[in-house]
Amino acid sequence: MADHRRLGRELELFDTDPLLGAGLPYWLLDGAVVRHALEEYIRAAEVRAGYRHVYSPVLGKRELYEISGHWAHYREDMYPPMDVGGEELVLRPSLCPHHALIYRSRAHSYRELPLRIAELGGMYRAELSGALGGLARVRAIQLNDAHIFCTFEQVEEEARAALDMIRAAYAALGIEAARYRLSLPGDGGKYVAAPEMWHRAAELLRVVLEASELPYEAVAGEAAFYGPKIDVQIVDAGGRESTLSTVQIDFHQPARLGLEYIGADGARHWPVMVHRSVLGSVERAVAHLIEVHGGAFPAWLAPVQAVVFPVSEAESAAAADVAHRLAGLGIRAEPTVDGSLGARIRAARLVPYQIVIGPREAAAGEASLRLRDGRRVHPQPVDNLVTRLGVLIGRRGVDLWDADETVVPPRYT
Ligand SMILES: [Zn+2]
């Protein structure tokens, strides 16, 4: 596995500037394309799964985090408050309290539950500069976050569905969990005190993990301060383990922030909050994708999805036309004309689809296709090829082509 920091610079995905500061990378053109594709994927997946999206500010009053418990339990990871006209504002360390306030802003009946609120939002962590590196540990984080407000009876099904979403996303991204961890509280004052609550929440997560038939380990001392969680762990090129995805059950914040719903019995009840993140931080997700794929992203994420090579100057108009038609389907395609064909193919080694048009293909209105992995596809009418690439990329998987008779085995000459 290659270090994403080196590849990120080589492939011009992201960079840093000492004038911006450590842990504050910026995204270059190609990296921004990957990130955007990832964000579009998760938003669409969330909409299909019944989530509703919101926007909320990245700042809030210190008082909000005192009420939520972050100030007492999480302060060392937060930036110091800013005094603005006598009010103390902090950069938010999480999105939870904001979503809780959005929930609280309207009355809710049990009939509206589960209410799934999602946001790709900024949050901030005052990491020490020694702990920072590339995209994997940053001080400004874009989090794929969601909070499900539901009844106690709905928790298990919501947590299970969130875990399914995580597994589906990993399949689309071509990544694998290193392990699943049931993160439980440890000793010390890091956790809110409520033994009965911890026990019930942990048992629910255990039931979800057992039903999923995933192997997991229970680890004490890794829970959130407000509740236990399922953490999906990944390992980076340096062998370091970190959490990418998470599903958490929280009985604490709904009570602290005064959330309620009217039950079937006409009485007020506290909802449960299920915190879940599928992609985790967008920064860490892209860092991991760079390392796992060595920059050869699945086609739907690739900065350039198709290159079109005219064999000679005579086919350049035909190549430009194919690139134009691909672009019309939303495919990121470029005609490439400079240099020898061999040099152009080497330069495009990470591009999933490499279309070659020689004199014979141009005359017949056809094109040949070479896949990034070396496989070749017989020349076929341009219309067919363009439509086929649209379907293959649109299904957001890791396979570049269906394994059928049109693919000729790689030539090693
Ligand atoms: Zn949360």
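Residues numbered from 1 in each chain as written. Predicted model: local features only at pLDDT ≥ 70, side-chain atom pairs only at ≥ 80, totals over all residues.

An unreviewed UniProt entry lists the protein under the name Threonine--tRNA ligase, from Amycolatopsis acidicola. Per UniProt, the comment on the protein under Sequence similarities (unreviewed entry) is "Belongs to the class-II aminoacyl-tRNA synthetase family." Looking at the Catalytic activity (unreviewed entry) heading of the UniProt record, one finds this comment for the protein: "tRNA(Thr) + L-threonine + ATP = L-threonyl-tRNA(Thr) + AMP + diphosphate + H(+)". (UniProt positions renumbered as here; feature names shortened; annotations may be inferred.)

> Where do I start with the overall build of the protein in this structure?
The helix and strand tally for the protein stands at 13 helices and 21 strands. C-alpha atoms of the protein, sized along the principal axes, occupy 75 × 50 × 40 Å. For the protein, the proportion of its 413 residues judged to be buried stands at 39%. Considering only intrachain contacts with a sequence separation of at least 6, the fraction spanning at least 24 residues in the protein is 72%. (Helix = DSSP H or I, 4+ residues; strand = E, 2+ residues; numbered from the N terminus. Buried ≥ 20, exposed ≤ 12 C-beta atoms within 10 Å, placed from the backbone. Contact = placed C-beta atoms within 7 Å.)

> In this structure, what is going on with the domain arrangement of the protein? I would like to understand it.
Accessible area lost upon the coming together of the parts is a frequently used measure of interface size. Domain parsing of the protein yields domain 1 (4–293) and domain 2 (306–408). Taken over C-alpha atoms, the centre of domain 1 sits 40 Å from the centre of domain 2. Contact residues are listed per partner, giving 4 residues for domain 1 and 4 residues for domain 2. For the side of domain 1 that touches domain 2, the class distribution of residues is 3 nonpolar, 1 polar and no charged. (Domains from an automatic or database assignment. Nonpolar A, V, L, I, M, F, W, Y, C, P; charged D, E, K, R; others polar.)

> Before we go on, may I ask you to explain the sheet that holds strand 6 (residues 87–91) in this structure?
Strand pairing in a sheet is mediated by backbone hydrogen bonds. Such pairs are either parallel or antiparallel. One open sheet accounts for 3 strands, arranged 4-6-5; its pairing is antiparallel. Whereas interior strands pair on both sides, the edge strands pair on one side only; in this sheet they are strand 4 (59–61) and strand 5 (82–84). Strand-to-strand, the axes of this sheet are offset by a mean angle of 40 degrees, without reference to chain direction. Here strand 4 runs beside strand 6; their pairing, made up of 3 bridges, is antiparallel. (Pairing = 2+ DSSP bridges. Axes fitted to C-alpha atoms, helices over the stretch in contact; angles between N-to-C directions.)

> What am I meant to see in the nonpolar core here?
General note: in soluble globular proteins, nonpolar side chains tend to be found buried as a group. By size, the foremost hydrophobic cluster in this structure holds 91 residues, and its most contacted members are Val274, Ala306, Val308, Val322, Ile355 and Ile357. Shared between two domains, this core takes at least three residues from each, and those domains are domain 1 (4–293) and domain 2 (306–408). Residues Val192, Ala223, Ala224 and Tyr226 belong to the second largest nonpolar core, which totals 5 residues. (Core = buried A, V, L, I, M, F, W, Y, C linked by C-beta atoms within 7 Å.)

> Please clarify how the pairing of strand 12 (residues 241–250) should be interpreted in this entry.
Looking along a regular strand, one sees side chains alternate from face to face of the sheet. Judged by how many residues are buried, strand 12 sits mostly within the fold: 7 of 10 residues are covered. Where strand 11 (residues 229–235) meets strand 12, 7 bridges bridge the pair, whose relative direction is antiparallel. In the sheet register, Val235 faces strand 12, and the bridge partner there is Glu241. Connecting strand 11 to the antiparallel partner strand 12 that follows it, the hairpin turn spans 5 residues, and Gly239 within it adopts a positive phi of roughly 85 degrees. Alignment of strand 12 against strand 15 (residues 272–277), held across 5 bridges, turns out to be antiparallel. Each residue of the ladder has a partner; that of Ile249, found in strand 15, is Val274.

> What's the story with the packing of helix 2 (residues 29–48) against helix 9 (residues 282–293) in this structure? I'm lost.
It is at 11 Å that the axes of helix 2 and helix 9 come closest, and there the two elements cross at 115 degrees. Judged by the inter-axis angle, helix 2 sits roughly perpendicular to helix 9. Note on packing geometry: the crossing formed by helix 2 with helix 9 is right-handed. Here helix 2 contributes Val34, Arg35, Leu38 and Glu39 to the contact with helix 9, which in turn contributes Val282, Ala285 and Val286. Partitioning the contact of helix 2 with helix 9 into residue classes produces 5 nonpolar, no polar and 2 charged. (Parallel < 35°, antiparallel > 145°, perpendicular 65-115°, else oblique. Left-handed = near helix turned anticlockwise from the far one by under 90°.)

> How should the sheet that holds strand 10 (residues 216–220) be read in this particular structure?
As summarised here, the arrangement of the 8 strands in space is 3-7-8-15-12-11-9-10, forming an open sheet in which the pairing is mixed. Edge positions in the open sheet fall to strand 3 (52–53) and strand 10, since each of these has one partner strand only. As paired elements, strand 9 (residues 179–184) and strand 10 share 5 bridges and run parallel to each other. Looking across to strand 10, one finds that Tyr180 is bridged to Tyr216. Packed onto the sheet, helix 5 (residues 96–104) meets strand 7 (115–124), strand 8 (140–150) and strand 15 and runs at close to 145 degrees relative to strand 7.

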